[in-house]
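Notes for the structure review
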Amino acid sequence: DVVIVLLTPQTHVMLPNGVGLAELDPGQMVTATGTINWRTHTLVRPTSLTIGATVPTPSCETLPAAGERTCPEPQPTATP
């Protein structure tokens, strides 16, 4: 889900070392606390945002299982 976060001066933002807000990647994992309005998909009065480090996308022919960060082992194919 995409949620808009309305930052305030009281919001505590934690970024990976050496990364600025403008350098975040689409789809990067963010943990946020605050009050969410599901109707507008807006996080209001956020108290903290923690942005995880970018993880390189594996170049898999088959998608990894949920939560995995590596490609699955190739399965042997049957030959007629």
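Keep in mind that what you see is a predicted model, and the values were worked out from it rather than measured.

1. Focus: a nonpolar patch on the surface
Taken together, the side chains of Leu7, Leu15 and Leu21 define a hydrophobic patch exposed on the protein surface, amounting to about 250 Å² of accessible area. Classification of leucine 15 by relative accessible area gives partly exposed; the value is 32%.

2. Some remarks on the side chain of threonine 11
For threonine 11, the location among the structural elements is in the loop between β1 (4–5) and β2 (12–14). From its side chain, threonine 11 meets the backbone oxygen of proline 46 in a polar contact 3.1 Å long. In this view, threonine 11 contacts Pro46, Thr47, Ser48 and Leu49; residues no more than four positions away in its chain are not counted.

3. With respect to the environment of threonine 11
On the basis of relative accessible area, threonine 11 is assigned to the buried category, the value being 11%. With 36 residues separating them in the primary sequence, threonine 11 and threonine 47 have C-alpha atoms 4.8 Å apart.

4. Thoughts on the confidence of the model for the chain
Chain-level pLDDT for the chain is 78 on average; 66% of the residues reach the 70-or-more range. Mean pLDDT across the elements of the chain bottoms out in β1 (84) and peaks in β2 (89).

5. Some remarks on the pairing of strand β3 (residues 30–37)
Bridge count for β3 against strand β4 (residues 42–51) is seven bridges, and the pairing is antiparallel. Within the sheet, the bridge partner assigned to alanine 32 lies in β4 and is leucine 49. Between β3 and β4, which pair antiparallel in sequence order, lie four residues; one of them, histidine 41, sits at a positive phi of approximately 55°.

6. With respect to the environment of threonine 31
Counting through the fold element by element, threonine 31 comes out in strand β3. Separated by 20 residues in the primary sequence, threonine 31 and isoleucine 51 have C-alpha atoms spaced 6.5 Å apart. Apart from residues lying up to four places away in sequence, threonine 31 is in contact with Ser48, Leu49 and Thr50.

Rules behind the numbers
Residues numbered from 1 in each chain as written. Predicted model: local features only at pLDDT ≥ 70, side-chain atom pairs only at ≥ 80, totals over all residues. Heavy atoms only, no water. Patch = residues over 30% accessible without salt bridge, like charges linked within 9 Å, V, L, I, M, F, W, Y side chains within 5 Å. Areas by Shrake-Rupley, 256 points an atom, 1.4 Å probe, with all protein chains shown as cover. Salt bridge = Lys/Arg side-chain N within 4 Å of Asp/Glu carboxyl O. Buried < 20%, exposed > 50% of the residue type's maximum accessible area, 1.4 Å probe, protein only. Helix = DSSP H or I, 4+ residues; strand = E, 2+ residues; numbered from the N terminus. Polar contact = N/O pair within 3.5 Å; in protein donor to acceptor, adjacent residues only side chain to side chain. Contact = heavy atoms within 4.5 Å. pLDDT = per-residue confidence, 0-100. Pairing = 2+ DSSP bridges.

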